Amino acid sequence: MSTTQTDSDPAPAGGTEDAEASREAGAQLSTAPGEDRLNVPSLGLLGWLRWTWRQLTSMRVALILLFLVSLGAVPGSVIPQTSVDAVKVEEFRQKHDVLAPIYDRLQLFDVYSSVWFSAIYILLFISLAGCIVPRSWQFVGQLRSRPPRAPRRLNRMPAYTTWRTDAAPEEVLGAARSLLGGKRFRTDRAEGADSVAAEKGYLREAGNLVFHIALIVLLLAFAAGQLWKAEGSKLVIKGDGFANTMTQYDDFRSGSLFSADDLDTFGFTLKDFHASFESSGPNKNTPRDYRADITYWEGADGAEKPARIEVNKPLQVGDSKVYLIAHGYAPIVSVKDGKGDIAYRGPVPFLQQDTNLTSSGVVKVTDYRDARGRKDQLGFQGFFVPHFDPKSGTMFSQSPMPKNPVMFLTAYRGDLGLDAGLAQSVYQLDTSNMKQFKEKNGRAFAKRLDPGGTMKLPNGAGTLKFEGIEEWANFTVSHQKGNGWALAGALAAIVGLAGSLFIQRRRVWVRAATGPDGQTVVEMAGLGRSDSARLPEELGELADELRRDAPVAAPPEPTTADSDSDAAGSGAGSGAGEPDTGSGSGSASDPEPGAEAGPTPPTAGDAEDGAATSPRGERQ
């Protein structure tokens, strides 16, 4: 017995019926569209529309659109986006006078909401849906149909084997059906047929469909995430709290379909903050651990519950997640006006400028009166250095730990611009309508302050005292829709892709018929969706198991005439080299050991008597 597989075989010689049987044997091994989808339509509007729809819903176009989506995401990652950081977009416009107008016309500052990206996204969705729906119906039809009947010439299949047995044909077919059914093949035998048809590997097409359905789920999940997303940040000083309302955020960004009513009702209070840093080695002064201890509540009257928020370990409340983003210091200052009254007192957050937490910030005093009692406004601007080393020769911090904290401040008086009604950052000072305090010698007034130190403004304008240090933490509250669906879609896509790649769709046929010599001729053949080295091996294993119920029969004793014929011209007759295959001439003799003979193409008589002559069959 031998099993073989070739890349291509000649067309069957049994005529039209034989060709049709062979085509039927290989039909519907896949739900992929046929080559007719590439045909250019005839003239006519309906023909062109039909052709356009077929091209749009082909997998080739779907892959092209998927590539375009990936390509379109590149500028969204490289070029600053308005929805992510409007400040960086404005800075880019100021630095690039030529490129910025071009980017604006191409909507490259708003890639994911642009017309061209949305068009690609929608076309990809339509392409996948239009491709999956007909293939799904076709797959359902395949599941409900029976395996196709065996072709007349099984020896034309890529994998083929044959032998003779003394078992009756019905016994062989019954054993074959039990064997294939036990191997999870779906089997069928038409009434009165001399063959059993079996099929296996439907999960390959199921995996293919699952993969493409998962892509649609991912597209929908990403679309929902963009339309209903919301993200905002809030800097909270130790001891202060936050409520999840629009007015509480320092900055807030949301999708086009998000509304304030979609915000989860919760809040929290920052009770304590813990930060540790590497003290030595190549990673000296890098953060080792950030942890915020909070108490939070859900709903309007929810009880407070303790919790911890760490880096990459957010707090989840409803559909919102609270992430710990940054940490810094807030110097506590008190300002007295010209009359000696307290005009301002409290911690002022300074924003870090480097990894050692050298920070910059401003102090704005609106409720101020000068020495004459006239209303005015003050502004202080400068740096906070948690670890100042006078010997370093710089004003930069030597480490992020507050080992020797100092402040460097300068002072202004005038209009802070808060009464104009325009949005203004609390961390920046607009000095366009203010005057800087001067020393008596005309130099700009500035001073270094240690904790407990006081800055006295010129001309009795007041004082500022550096009372101490408090810590702050910056949180980002993210409201995302569709994350669960996106994860499920990604996992399903992996499973489906694995199934479509590693599961082989194949068909096996077993035919048993009585030969002219009275013995039963058994034929087995296999056909896969694509050439596979595993198919002949699997067919060989099935044949070995089937031979337990249909063992190979001993060849009949050759007659004198047969021996003379073999000696005269071995290899010239039909079936030479295949003594046990039941050739069309009825010869069942064995060749002499070591004799070589070329195969003889099947004749018309082969098709009539059901013989199993194969150009690749060998005796066991």
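What you are looking at is a predicted structure, and each value in this text was computed from that prediction instead of being measured.

Helix and strand counts for the chain stand at 12 helices and 22 strands. Per-residue burial for the chain yields a buried fraction of 42% across its 620 residues. Partitioning the contacts of the chain with sequence separation of at least 6, the portion at a separation of at least 24 is 66%. Carbon and sulfur atoms form 54% of the exposed surface of the chain, whose accessible area is close to 32,700 Å².

A separate point is a nonpolar patch on the surface. On the surface, Ile64, Phe67, Leu68, Leu71, Val74 and Val78 cluster together into a nonpolar patch covering about 560 Å² of accessible area. Relative to the helices and strands, leucine 68 resides in helix α3 (residues 59-78). The partly exposed category is assigned to leucine 68, whose relative accessible area is 30%.

We now examine the sheet that holds strand β22 (residues 520-528). The 5 strands lie next to each other as β1-β22-β21-β3-β2, forming an open sheet whose pairing is antiparallel. Edge strands, defined here as strands with exactly one partner in the open sheet, are β1 (159-165) and β2 (186-188). Averaged over neighbouring strand pairs, the angle between their axes works out to 15° when direction is ignored. Here strand β3 (residues 195-200) runs beside strand β21 (residues 506-514); their pairing, made up of 6 bridges, is antiparallel. Considered in β21, the bridge of valine 196 is made with valine 510. On top of the sheet, helix α7 (residues 169-182) reaches β1, β2, β3, β21 and β22; it is set at about 165° to β21, its chief contact.

Quick look at the packing of aromatic side chains now. Taken as a whole and assessed by the stated rule, the structure comprises 17 aromatic pairs. Taking the centre distance of 6.4 Å and the plane angle of 90° together, the rings of phenylalanine 384 and phenylalanine 466 count as edge-to-face. Within this pair, whereas phenylalanine 384 is found in strand β15 (residues 375-385), its partner phenylalanine 466 is found in strand β20 (residues 463-479), the two being separated by 82 residues in sequence. Under the relative-accessibility criterion, phenylalanine 384 is labelled buried at 0%. An aromatic cluster is present here, built from Phe242, Tyr249, Phe252, Phe258, Phe268 and Phe475 joined pairwise through their rings. Across from the ring centre of tyrosine 202, 4.4 Å away, lies the NZ or CZ of arginine 505, which sits over that ring. Over the ring of tryptophan 163 we find arginine 547; its NZ or CZ atom is 5.9 Å from the centre of that ring.

Turning our attention to the layout of surface pockets. Of the volumes computed, that of the largest pocket is approximately 1,200 Å³. Element by element, the count of residues in the lining of the largest pocket is highest for strand β4 (residues 230-237), at 7 residues. Along the lines of polarity and charge, the residues of the lining of the largest pocket split into 19 nonpolar, 9 polar and 9 charged. Lining the second largest pocket are 39 residues, with Tyr112, Phe117, Phe222, Ala223 and Gln226 sitting closest to its centre. Listing elements by their share of the lining of the second largest pocket, those giving two or more residues are α3, α6 (115-144), α8 (202-227), β6 (251-254) and α9 (483-502). In terms of residue count, the dominant contributor to the lining of the second largest pocket is α8 (10 residues). In the lining of the second largest pocket, the residues fall into 22 nonpolar, 13 polar and 4 charged.

Remark: α6 packs on α8, axes separated minimally by 10 Å, with the N-to-C direction vectors making an angle of 150°. Viewed along their axes, α6 and α8 adopt a mutual orientation that is roughly antiparallel. Along this stretch, α6 crosses α8, giving a crossing that reads as left-handed. The residue makeup of the contact of α6 with α8, split by class, is 19 nonpolar, 4 polar and 2 charged.

Moving on, we get to the packing of α7 against helix α10 (residues 534-546). Axis separation between α7 and α10 bottoms out at 10 Å; the angle between their running directions is 130°. Regarding the angle of α7 to α10, the classification is oblique. Crossing of α7 against α10: the hand is right-handed. When α7 is examined against α10, the residues Val172, Ala175, Ala176, Leu179 and Leu180 are found in contact with a partner set consisting of Leu542, Glu545 and Leu546. Classifying every residue of the contact of α7 with α10 gives 7 nonpolar, no polar and 1 charged.

A few words on the sheet that holds strand β8 (residues 287-298). Here 4 strands make up an open sheet; going across it, the order is β5-β7-β8-β9 and the pairing antiparallel. Looking at the sheet topology across the chains shown, the edges are occupied by β5 (241-243) and β9 (305-310). The average angle at which neighbouring strand axes cross in this sheet is 30°, direction not considered. Direction of pairing for β8 relative to β9: antiparallel, over a ladder of 6 bridges. Residue arginine 291 lies in a different strand from β9, and its bridge partner there is glutamate 310.

What counts as what
As a convention, each chain's residues are numbered from 1 in the sequence order in which they are written. Only residues with pLDDT of at least 70 are given local features in this predicted model, and only at 80 or more are side-chain atom pairs given and counted; all residues enter the totals for whole chains, interfaces and linings. Working from all heavy atoms in the structure, the side-chain values ignore hydrogens and water. Comment: elements are numbered from the N terminus, with helices defined as DSSP H or I runs of at least four residues and strands as E runs of at least two. Burial classes follow relative accessibility: with a 1.4 Å probe on protein chains only, a residue under 20% of its type's maximum area counts as buried, one over 50% as exposed, and anything between as partly exposed. Throughout, a contact is declared for two residues whenever any of their heavy atoms are within 4.5 Å. Here the accessible surface of atoms and residues is derived via Shrake-Rupley with a 1.4 Å probe, and residues count as covered only by protein chains that are part of the display. Two joining distances apply to patches: 9 Å for like charges and 5 Å for nonpolar side chains (Val, Leu, Ile, Met, Phe, Trp, Tyr), and every residue must have over 30% relative accessible area and no salt bridge. Criterion for a salt bridge: a side-chain nitrogen of Lys or Arg within 4 Å of a carboxyl oxygen of Asp or Glu. Strands pair, by our definition, only if DSSP identifies at least two bridges between them. Working convention: axes come from line fits to C-alpha atoms, limited for helices to the stretch in contact. Angles between N-to-C directions cover 0 to 180 degrees. The aromatic pairing rule takes the rings of Phe, Tyr and Trp, using the six-membered ring of Trp, and pairs them if the centres are within 6.5 Å, calling planes under 30 degrees apart stacked, those over 60 edge-to-face and the rest tilted. When the NZ atom of lysine or the CZ atom of arginine is within 6 Å of a ring's centre and also within 35 degrees of its normal, the charge is said to sit over that ring. Definitions used for this entry: grid spacing 1 Å over protein atoms alone; cavity, a set of points where a 1.4 Å probe fits but cannot get out; pocket, an open set with protein on both sides within 12 Å along at least 5 of 7 lines; lining residue, one with an atom within 4 Å of a point. Grid points are joined across faces, edges and corners, and a volume is the space filled by probe spheres set on the points. Under the grouping applied here, Gly and all other residues not named as nonpolar or charged are polar, the nonpolar ones being Ala, Val, Leu, Ile, Met, Phe, Trp, Tyr, Cys and Pro and the charged ones Asp, Glu, Lys and Arg. Each angle gets one of four labels, with under 35 degrees taken as roughly parallel, over 145 as roughly antiparallel, 65 to 115 as roughly perpendicular, and the rest as oblique. Less than a right angle of anticlockwise turn of the near helix away from the far helix marks a crossing as left-handed, whereas a clockwise turn marks it as right-handed.

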